[in-house]
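Secondary and tertiary structure notes
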Amino acid sequence: MGVVLAAAGSAVGLGNVWRFPTEVGYNGGAAFILIYLFNVILIGMPVMISEFVVGRHTHANTITAYAKLALRSWWRFEGVAGVFVAFLILSYYVVISGWTLFYLVDSLSGFLPVEQDFQSEFNSFVSHPWLPVAYACGFMAMTHWVVSCGVQSGIERFSKVLMPLLLIIIAVLVGCSFSLPGAHDGLRFLLKPDFTKVTTRVVLSAMGQAFFSLSIAMGCLCTYASYFKDETRLARTAFNVSIIDTMVAILSGFIIFPAVFSVPGVEVDAGPGLVFITLPNVFHMTFSSYPVMGYIFSVLFYMLLLLAALTSAISLHESVTAYVLEATGMSRRTAAAIVSVSCMLLGVACSLSFGPWSDFKVFGMSIFDLFDFTASKVIMPLSGIVICLFVGWKLDRNMVRDEITNHGTLRFRLFSTYIFLIRYVVPAVIALVFVNELLG
Ligand code: PFF
């Protein structure tokens, strides 16, 4: 249970509550969600199992894990890509997590339920020259502290309490959101697919979102799997993590979109600010006659969102720190400090790209968008292909079977299907979508 929840802690984070609704908004609603589900089942779960196999078999950080299994061949660069992308994601993940911290502080001070103009409040915060940077540093300090103390039992214990609590709060918020005037339109947007809006970009976005949300192809789950025990059931863990993660994402959609359609002036494709603008509005509108309840809910929500972000950020940080630590032999504290400081330098650039540096564009994208695009739409799909080919073709089939069946003590009836998927289907689907998008 602890293992599932720790891996679920890595998976469930801002990707579910912040990024998923943002992507759904950009990509036209229900059709995107269907494609997303398809991606989770067909691509996400097989890749996750494959990462678990590599991690648990080697009991080493991601780079060493691939180096051990691939010896001097090119495959070992997969480990390098995993750690690099975890580093890249952490650098912008702390920025959004910093926003969450700000909103928690704001709601604690009783500000959110009374203020009306959430949109301009949000815009002036994210474009402030130093305030979001300060909050991102605050969040990084929290992550750094947990990682440098050593995480295994900490994360596990933390996740066991936190994840069920998060689900309860989400369920209550869904109830609140359904009572809003725009609930009907919001639900239609989420449940009625319009396939005319589907392009390869939408499919690639759904794939990128599935990778991001499930924390796959970034070394994190491989690192966590290296801490798994021999009895941990890899396939079942992958299944449970995917179910929890998908449930939280879809429920978040049920919170956000009824709210979006209830608030005049907010568009579904408002982008990264969507959650930070609409949620305070939900609290404000739902509880306008019971301000105390509005206060309690906004505090609880941002606190849980922050903690969910923290468990994910810890897994990203741990993935990089575990490598630095094992490769250099330096102390955990020093390794974690090096990762925190260097990552924060990139984080500052990401944060400033919403404000003073917003005019600075690379390939037409802001620094933040560029990092997100590179990580989730370029490196992650490519990494996904390599992981599948590696486990499907390079590793010994019996070793993979032994790992998944815990040396024959479990039955895994879908083993041949799994092998077929990772050998042919998953790499082909990812490559097709990816190439199509590049050529288009
Ligand atoms: N899956 C996390 C989320 O949905 O917020 C983010 C994340 C964590 C991505 C760990 C990648 C990762 F390796």
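Residues numbered from 1 in each chain as written. Predicted model: local features only at pLDDT ≥ 70, side-chain atom pairs only at ≥ 80, totals over all residues. Heavy atoms only, no water.

**As for the overall build of the chain**
Selection rule: What counts as a helix is a DSSP run of H or I of at least four residues, what counts as a strand is a run of E of at least two, and both are numbered from the N terminus. Radius of gyration means the value over C-alpha atoms here, while the globule rule gives 2.2 Å times the residue count to the 0.38 power. For the area figures, the Shrake-Rupley method with a 1.4 Å probe applies, and any residue is considered shielded solely by the protein chains shown. Charged-residue counts in this description rest on Lys and Arg as positive and Asp and Glu as negative, His and the chain ends being excluded. Taken as the charge location is NZ of Lys, CZ of Arg, CG of Asp or CD of Glu.
Along its length, the chain carries 18 helices and zero strands. Taken over the C-alpha trace, the chain has a radius of gyration of 21 Å; the compact-globule value for 440 residues is 22 Å, and the two agree within 12%. Of the roughly 17200 Å² of accessible surface on the chain, 67% is carried by carbon and sulfur atoms. Distance from the positive charge centre (24 side chains) to the negative charge centre (24 side chains) of the chain: 13 Å.

**Things to note about the site of the ligand**
Let me state the cut-off plainly: Consider each residue's heavy atoms; a residue with any of them within 4 Å of a molecule or strand counts as near. Throughout this description, a polar contact denotes any pair of N or O atoms lying within 3.5 Å of each other; where both atoms belong to protein, one of them has to be capable of donating a hydrogen while the other can accept it, and for residues adjacent in sequence the pair is counted only when both atoms sit in side chains. Any residue that is not Ala, Val, Leu, Ile, Met, Phe, Trp, Tyr, Cys, Pro, Asp, Glu, Lys or Arg is counted as polar, Gly included; the first ten are nonpolar and the last four charged.
As a structural note, the neighbourhood of the ligand is formed by 15 residues, with Gly 15, Tyr 93, Phe 212, Met 218 and Cys 220 the closest of them. At 3.3 Å from a nitrogen atom of the ligand is found a main-chain nitrogen or oxygen belonging to Ser 10. Leu 14 is positioned with one of its backbone polar atoms (N or O) 3.0 Å from an oxygen atom of the ligand. Every element with two or more residues in the shell around the ligand is listed here: helix H1 (2-11), helix H2 (14-26), helix H10 (200-214) and helix H14 (291-328). Classifying every residue of the shell around the ligand by side-chain character gives seven nonpolar, eight polar and no charged.

**Looking at the packing of aromatic side chains**
The following threshold applies: Pairing of aromatic rings covers Phe, Tyr and Trp, the last through its six-membered ring, and needs centres within 6.5 Å; plane angles under 30 degrees mean stacked, over 60 mean edge-to-face, and all others mean tilted. Burial here depends on accessible area, computed with a 1.4 Å probe over protein chains only, as a share of the maximum for the residue type. Under 20% is buried, over 50% is exposed, and the range in between is partly exposed. We call a charge positioned over a ring when the NZ of a Lys or the CZ of an Arg lies within 6 Å of the ring centre and within 35 degrees of the ring normal.
By the definition in use, this model includes 27 aromatic pairs. Judged by centre distance (6.1 Å) and plane angle (75°), the rings of Phe 125 and Tyr 135 are edge-to-face. One end of the pair, Phe 125, is in helix H6 (residues 118-126); the other, Tyr 135, is in helix H7 (residues 131-149), with ten residues separating them in the sequence. As far as the burial class goes, Phe 125 and Tyr 135 line up, both buried. Ring pairing ties together the aromatic residues Trp 18, Tyr 92, Trp 99, Phe 102, Tyr 103, Phe 122, Phe 125, Tyr 135, Phe 276, Tyr 302, Phe 354 and Phe 368, which thus form one cluster. The side chain of Arg 423 reaches across the aromatic face of Trp 393, ending 4.2 Å from its centre.

**Some points on H6**
Heads up, the condition is: Relevant arc is that of directions from the helix axis to the C-beta atoms, nothing else. Any two residues having at least one pair of non-hydrogen atoms within 4.5 Å are treated as being in contact.
Among all positions in H6, only Phe 118, Glu 121, Phe 122, Phe 125 and Val 126 are buried. Here the buried residues of H6 occupy an arc of 115° about the axis, which is enough to place them on one side. Buried-residue contacts for H6 involve helix H5 (77-108), H7, helix H13 (274-286) and helix H15 (332-352).

**So, unusual backbone geometry**
Most of the time, phi is negative for any residue but glycine, and the peptide bond is trans. Non-glycine residue Ser 215 carries a positive phi angle of around 60°. Following the sequence through the fold, Ser 215 ends up in the loop between H10 and helix H11 (220-225). Note on Ser 215: relative accessible area 6%, which makes it buried. A positive phi angle, close to 50°, is found at Phe 363, a residue other than glycine. Relative to the assigned elements, Phe 363 resides in the loop between H15 and helix H16 (367-394). Residue class for Phe 363 comes out exposed when judged on its relative accessible area of 73%.

**Looking at the pattern of salt bridges**
Using the following cut-off: Salt bridges are defined by distance alone: a side-chain nitrogen of Lys or Arg within 4 Å of a carboxyl oxygen of Asp or Glu.
The full count for this structure, using the stated rule, is five salt bridges. The partner of Arg 188 in a salt bridge is Asp 185, and the shortest N-O contact between them spans 3.1 Å. Separated by three residues within a single helix, Arg 188 and Asp 185 lie in helix H9 (residues 183-191), roughly one turn from each other. Relative accessible area serves as the criterion here: at 42%, Arg 188 is assigned to the partly exposed category. A salt bridge links Arg 332 to Glu 318; the nearest nitrogen and oxygen atoms lie 3.0 Å apart.

**Focus: the state of the cysteines**
Going by this rule: By disulfide we mean two sulfur atoms from cysteines, separated by a distance within 2.5 Å.
Under the criterion given, the structure shown has zero disulfides. Looking at Cys 137, it has no disulfide partner, and the nearest cysteine sulfur is the one in Cys 343, 11 Å off. The thiol of Cys 222 is not disulfide-bonded; the next cysteine sulfur, from Cys 220, is found 9.7 Å away.

**What about the environment of Ser 177?**
Examined against the element boundaries, Ser 177 turns out to sit in helix H8 (residues 152-178). Separated by 77 residues in the primary sequence, Ser 177 and Phe 254 place their C-alpha atoms 7.4 Å from one another. If near-sequence neighbours (up to four positions away) are discounted, Ser 177 is found in contact with Ala 183, Phe 254, Ile 255, Pro 258, Ala 259 and Val 282.

**Topic: the environment of Ile 168**
Residue position: Ile 168 is located in helix H8. Judged by its relative accessible area of 52%, Ile 168 is exposed. Along the primary structure Ile 168 and Ile 243 are separated by 75 residues, whereas in three dimensions their C-alpha atoms are 16 Å apart.

**Thoughts on the environment of Tyr 290**
Of note, Tyr 290 is situated in the loop between H13 and H14. In sequence terms Tyr 290 and Lys 160 are 130 residues apart; their C-alpha atoms lie 31 Å from each other.

**Some remarks on the packing of H6 against H13**
The following threshold applies: Note on geometry: axes are lines fitted to C-alpha atoms, helical ones only across the stretch in contact, with angles between N-to-C directions running from 0 to 180 degrees. Here roughly perpendicular refers to angles of 65 to 115 degrees, roughly parallel to angles under 35, roughly antiparallel to angles over 145, and oblique to all remaining angles. Here a crossing is called left-handed whenever its near helix is offset anticlockwise from the far helix by less than a right angle, and right-handed whenever the offset is clockwise.
Interaxial distance between H6 and H13 falls to 9 Å at its minimum, and their mutual angle equals 140°. On the basis of their axis angle, the class for H6 and H13 is oblique. In this structure, H6 meets H13 at a crossing whose hand is right-handed. For the pair formed by H6 and H13, the contact residues are Phe 118, Gln 119 and Phe 122 on the first element and Phe 276, Ile 277, Pro 280, Asn 281 and His 284 on the second.

**A few points about the packing of helix H3 (residues 30-58) against H10**
It is the contact of H3 with H10, at a shortest axis distance of 8 Å, that shows an interaxial angle of 50°. Relative to H10, H3 is oriented oblique. As for the relative orientation of H3 and H10, their crossing is right-handed in sense. Facing H3, whose interface residues are Phe 32, Ile 35, Tyr 36, Asn 39, Val 40, Ile 43, Gly 44 and Met 48, H10 presents Val 202, Val 203, Ser 205, Ala 206, Met 207, Gln 209, Ala 210, Phe 211, Ser 213 and Leu 214. Of the residues assigned to the contact of H3 with H10, the class counts are 13 nonpolar, five polar and no charged.

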